[in-house]
Structure formats: structure tokens, C-alpha cells
Amino acid sequence: MKKTLLALALASVSVTATADSLIYGGVQAGSADYRGDSSTVYGAHIGTGILPFIGLEMGAWNLGSYDVTGAGSVDVSSVNFAVKPSIELGPLHVYGKAGLHSWEEKGAFKDDGVDPFFGLGVEYNIFPMFTLGAGYNNFTVGNENIDFASVNLTVHFL
């Protein structure tokens, strides 16, 4: 009985620590569509919780390699900065994020720019310091959008 109570106490502390993480980082991967083709996307992020309900996050994404009909192959990458409001519902962490990203297209199209992006997601505390989640992201790239769902694993350090 004492071990069960101790385990529950430690689990509740880890959920609270996740909600107020001073520093966290993780990786994510998914599948996206762009200009009529689909590709695997992946990235990494690092962030800080400046308040229990809002954080700041930076990330880098490989937004995929696409075969554009009649034009050839295009590789898209992005570096982003976002504000990330969130709410804790027990072991669930529900968040939104919005910001700007600097993107670059290489290949058949050579272009770059700075455009808005946003995302929504949910994470579940699977072990102390670790959350597993899923999210939806929308990156504007010039006059096009790259929409995708992704899964992520995040480590909460402090």
C-alpha cells in the first residue's frame, strides 16, 4: 500500500513538473502534402515555459521532398519561433502554437521567405519527464500551405 501511494505521489509530481517545465526538447515526424505530392516530414524543437500556461518554442523542420508535376523535385525546410499557450488536464497537456517560420525551397523551385504557421496538439505523460503526443501543423510557404499531422516525443528537463 505504501509503495502504491508513493508511486501515485511521484506520478503527480512528474505531471506537475511537465506542466511547468523550464526547459524541454523533443523530436517529431509525420506525413505532409504539398503541391500535389506527399512526403515524410520531421523536426526537432526546444522550448521554455515562461508561465504555467504559456511558453516559447523554437524548432527546425525538414518539411519534405516533393515531386512537382512538370517541374521536378523540391525540398522544403523551415526554422520557426512560436508562442505556445497550453492547459494541463491531469496527465494530458493540450496546446496550441502560433508564430513565424523562415522557410527555404531548393530544387526545381528556389525560393525563401518568412510566413506564419500554427499548430494544435496533445501530449500524454508516459514516464516522469517524458511525454508522447500528436499534433496538427500548418506552415504557409509562399502562396501554398503544408498541412500535416505528426507524432512527437518530448523530454522535460527542468
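All of the points below concern the structure found in this document. This one's a predicted model, so the numbers in the text were calculated from it and none came from an experiment.

1. Let's talk about unusual backbone geometry
So, step 1. One non-glycine residue, Arg35, lies in positive phi territory at about 50 degrees.
So, step 2. Tracing the backbone through its elements, the reader meets Arg35 in the loop between β1 (24-34) and β2 (37-51).
So, step 3. Residue classification places Arg35 among the partly exposed residues on the basis of a relative accessible area of 31%.

2. Side note on empty space enclosed by the protein
So, step 1. Going through the model one piece at a time under the given rule, you end up with 3 cavities of 30 Å³ or more.
So, step 2. The volume enclosed by the second largest cavity comes to roughly 110 Å³.
So, step 3. In terms of lining, the second largest cavity is formed by 15 residues, of which the most central are Gln28, His45, Tyr95, Lys97 and Asn152.
So, step 4. The residue inventory of the lining of the second largest cavity, partitioned by class, reads 4 nonpolar, 7 polar and 4 charged.

3. Notes on the pattern of salt bridges
So, step 1. Tallying each qualifying case throughout the model produces 3 salt bridges.
So, step 2. For Lys97, the salt bridge goes to Glu57, with nearest N and O atoms at 2.9 Å. Taken as a pair, Lys97 in strand β5 (residues 92-107) and Glu57 in strand β3 (residues 54-68) lie far apart in primary sequence, 40 residues in all. In this structure, Lys97 and Glu57 share a single accessibility class: buried.
So, step 3. Put simply, Glu57, Lys84 and Lys97 are held in one network by salt bridges that share partners.

4. Examining the pairing of β3
So, step 1. Alignment of β2 against β3, held across 9 bridges, turns out to be antiparallel. Pairing of Gly47 across the sheet is with Glu57, part of β3.
So, step 2. Taking the residues that link successive antiparallel strands as the turn, the β2-β3 hairpin has 2 residues.
So, step 3. Across 14 bridges, the pairing between β3 and strand β4 (residues 72-89) is antiparallel.

5. Some points on the sheet that holds strand β6 (residues 111-127)
So, step 1. Taken in spatial order, the 8 strands close into a barrel running β1-β2-β3-β4-β5-β6-β7-β8, and their pairing is antiparallel. Averaged over all adjacent pairs, the angle separating strand axes in this sheet is 25 degrees, with direction ignored.
So, step 2. Note that β4 and β5 share 14 bridges and pair antiparallel. Of the residues in β5, the one forming a bridge with Asn80 is His101.

Rules used throughout
Numbers given for residues are sequential positions, taken from 1 along each chain in its written order. Per-residue local features are limited, in this predicted model, to residues with pLDDT of at least 70; the limit for side-chain atom pairs, both in listing and counting, is 80 or more; totals at the level of whole chains, interfaces and linings are taken over all residues. Processing note: side-chain calculations cover all non-hydrogen atoms of the structure and skip hydrogens and water entirely. A run of H or I in DSSP counts as a helix once it spans at least four residues, and a run of E counts as a strand once it spans at least two, with each numbered from the N terminus. Note on exposure labels: buried denotes an accessible area under 20% of the residue type's maximum, exposed denotes more than 50%, and partly exposed covers the range between, all computed with a 1.4 Å probe on protein chains only. Both cavities and pockets are sets of points on a 1 Å grid over the protein atoms alone; in a cavity a 1.4 Å probe fits but cannot get out, in a pocket the set is open with protein on both sides within 12 Å along at least five of seven lines, and lining residues sit with an atom within 4 Å of a point. Grid points are joined across faces, edges and corners, and a volume is the space filled by probe spheres set on the points. Three classes are used: nonpolar for Ala, Val, Leu, Ile, Met, Phe, Trp, Tyr, Cys and Pro, charged for Asp, Glu, Lys and Arg, and polar for all others, with Gly counted as polar. Salt bridge criterion: a side-chain nitrogen from Lys or Arg within 4 Å of a carboxyl oxygen from Asp or Glu. Two strands make a pair as long as DSSP finds a minimum of two bridges between them. Note on geometry: axes are C-alpha line fits, over the in-contact stretch for helices, and angles between N-to-C directions span 0 to 180 degrees.

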